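A closer look at the structure
Below, each chain spelled out in residue letters.
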Amino acid sequence: MYHHVKQLMYTVRVGTPDTRFGNMLLEQFGGANGELAAAMQYSIQGLNCEDPERKDLLMDIGTEELSHLEVVGTLARMHLKAARSSRHAAEADPLIAVAGGGGVALHNSQGNPWTADYLKVTGELDVDLRSNIAAEARAKIVYERLINFTDDPDTIDALQFLMSREITHMKAFTAALESMGKPQFSIGAIPPTPGLVDQYFNDSTGTGDRGEPDVRGPWNQGGDWELVNAPAFQQLESEFAGTRSSNGGSDGGTKERNGGRKPSRSR
Ligand code: MN
Ligand code: MN
């Protein structure tokens with residue numbers, strides 16, 4: 001059950017209200033990476049979670065996000081209030097001014113309504129935890145950008161608090177995922193196809209307009225990686241030459257592969 005305590009999680013003050021900045025703050029109220037999305041994502045995941053320990057974590061953080069929603073909504077409202085009476089202030093957010101009377105509503109800074117489509121809820125705990133780690137990273141960077149777009153010290157204090165909490169959550173979700181003891185790339189129950197899973201397809205070849213070359217790095221070399229060079233070209237070239245391309249095998253990037261399609265007709 002929920003219980004509302006009539007006190008903000010962080011006391012909000014605003015030195016100089018700024019309606020344009022209030023509009024930007026709506027990204028964290030009703031936006032894709034905002035507090036309502038976080039609160040709903042973790043709470044609904046928690047509702048579905050059958051691991052009692054991590055269910056507790058999801059419900060704790062989901063509930064804290066509702067408190068963040070209250071803080072950021074209060075902050076946005078203090079910045080937007082002037083839009084109710086001042087034509088100049090109203091121009092910063094006509095939707096809030098005319099339809100909302102200077103109060104916040106559940107949409108983003110561009111007036112797009114909040115949607116449950118923002119939520120990532122898969123019913124697979126480790127997959128959900130990965131989504132949550134990414135969601136916290138997005139929330140953190142949005143707060144950082146908001147901090148960079150205001151000079152009001154009181155507003156910065158509140159945003160710094162909210163931004164810090166997102167890293168706290170990121171740490172907790174990461175620890176929860178690691179404590180499940182699953183190998184890093186083990187998702188679900190069906191294992192990936194051996195060999196195929198280790199092939200890196202070099203699907204953008206040549207030199208680009210900005211001089212960007214093909215790059216080798218730990219994402220395509222070392223360990224189990226096998227570089228497969230331009231698989232699309234190999235398919236075309238083998239068909240053009242009328243040669244029979246072969247399936248399977250794994251001796252480097254020079255061997256032709258056609259991904260299981262019918263071999264082209266031999267001459
Ligand atoms: Mn939050
Ligand atoms: Mn968070």
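Residues numbered from 1 in each chain as written. Chains lettered and ligands numbered in written order. Predicted model: local features only at pLDDT ≥ 70, side-chain atom pairs only at ≥ 80, totals over all residues. Heavy atoms only, no water.

1. Things to note about the packing of helix α3 (residues 35-48) against helix α7 (residues 125-148)
- Running from amino to carboxyl end, α3 crosses α7 at an angle of 165°, the nearest separation of the two axes being 11 Å. Comparing the axis directions of α3 and α7 gives the class roughly antiparallel. Where α3 crosses over α7, the handedness of that crossing is left-handed. Residues Glu35, Gln41, Tyr42 and Gln45 of α3 lie in contact with α7, whose contacting residues are Asp128, Ser131, Asn132, Ala135, Glu136 and Tyr143. (Axes fitted to C-alpha atoms, helices over the stretch in contact; angles between N-to-C directions. Helix = DSSP H or I, 4+ residues; strand = E, 2+ residues; numbered from the N terminus. Parallel < 35°, antiparallel > 145°, perpendicular 65-115°, else oblique. Left-handed = near helix turned anticlockwise from the far one by under 90°. Contact = heavy atoms within 4.5 Å.)

2. A closer look at the coordination of the manganese ion (ligand 2)
- Taken together, the protein ligands of the manganese ion (ligand 2) are Glu65 (OE), Glu136 (OE), Glu136 (OE), Glu166 (OE) and His169 (ND1), with distances of 2.0 to 2.3 Å.
- Separating the manganese ion (ligand 2) from the manganese ion (ligand 1) is a gap of 3.6 Å, which Glu65 spans by donating to each of them. Of this pair, Glu136 sits in helix α7 while Glu166 sits in helix α8 (residues 153-178), and the two are 30 residues apart along the sequence.
- According to the relative accessible area criterion, Glu166 is buried, its value standing at 0%. (Donors = N, O, S within 2.8 Å, 3.2 Å for Na, K, Ca; no water. Buried < 20%, exposed > 50% of the residue type's maximum accessible area, 1.4 Å probe, protein only.)

3. Topic: the side chain of His79
- Counting through the fold element by element, His79 comes out in helix α4 (residues 52-80).
- A distance of 3.0 Å separates a polar atom in the side chain of His79 from the backbone nitrogen of Asp18.
- Residues in contact with His79, not counting those within four places in the same chain, are Val14, Thr16, Pro17, Asp18, Thr19, Phe21, Gly22, Leu25 and Thr155. (Polar contact = N/O pair within 3.5 Å; in protein donor to acceptor, adjacent residues only side chain to side chain.)

4. Comments concerning the packing of aromatic side chains
- Throughout the structure, instances matching the rule amount to 4 aromatic pairs.
- On the basis of an interplanar angle of 25° and a centroid distance of 4.7 Å, the ring pair of Tyr10 and Phe161 is categorised as stacked. Here Tyr10, found in the segment before α1 (19-25), pairs with Phe161, found in helix α8; they are 151 residues apart in sequence, far enough to count as distant.
- Here Tyr200 and Trp225 contribute two aromatic rings whose centre-to-centre distance is 6.2 Å and whose plane-to-plane angle is 90°, an arrangement assigned as edge-to-face. Of this pair, Tyr200 sits in strand β1 (residues 199-202) while Trp225 sits in the loop between β1 and β2 (226-229); the two residues are 25 residues apart in sequence, bridging distant segments of the chain.
- Judged by relative accessible area, which is 36%, Trp225 ranks as partly exposed. (Phe/Tyr/Trp six-rings, centres within 6.5 Å; stacked < 30°, edge-to-face > 60°.)

5. Side note on the environment of Asp93
- Looking at the secondary structure, you find Asp93 in the loop between α5 (87-90) and α6 (94-99).
- When its relative accessible area of 5% is taken as the criterion, Asp93 is described as buried.
- With 69 residues separating them along the chain, Asp93 and Met24 place their C-alpha atoms 9.7 Å apart.
- Those residues within four positions of Asp93 in sequence are excluded, and the remaining contacts are Asn23, Leu26 and Leu80.

6. Examining the confidence of the model for the protein chain
- Looking at the protein chain as a whole, its pLDDT mean stands at 91, while 91% of the residues score no less than 70.
- Counting contacts from residues 247-267, a segment whose pLDDT is below 50, to residues more than four positions away or on other chains yields 50 contacts. (pLDDT = per-residue confidence, 0-100.)

7. Observations concerning the nonpolar core
- Membership of the largest hydrophobic core comes to 23 residues, with the highest contact counts inside it found for Leu25, Leu75, Tyr143, Leu146 and Leu159.
- When contributions to this core are tallied by element, the ones reaching two or more residues are α1, α4, α7 and α8.
- Looking at this core element by element, the count peaks at 6 residues for α4.
- The residues contacting Leu146, other than those within four sequence positions of it, are Phe21, Met24, Leu25, Gln28 and Leu159.
- Counting residues in each nonpolar core, the second largest holds 13 residues, with Tyr42, Cys49, Leu129 and Ile133 among its members. (Core = buried A, V, L, I, M, F, W, Y, C linked by side-chain atoms within 4.5 Å.)

8. Some words on the environment of Ala76
- Relative to the elements of secondary structure, Ala76 occurs in helix α4.
- The spatial distance from the C-alpha of Ala76 to the C-alpha of Val197 is 47 Å, given a sequence separation of 121 residues.
- Beyond its immediate sequence surroundings of up to four residues, Ala76 is in contact with Gly22, Leu25, Leu26 and Val104.

9. Section: unusual backbone geometry
- Even without being glycine, Ala230 reaches a positive phi, approximately 40°.
- Looking at the element boundaries, Ala230 is found in the loop between β2 and α9 (231-241).

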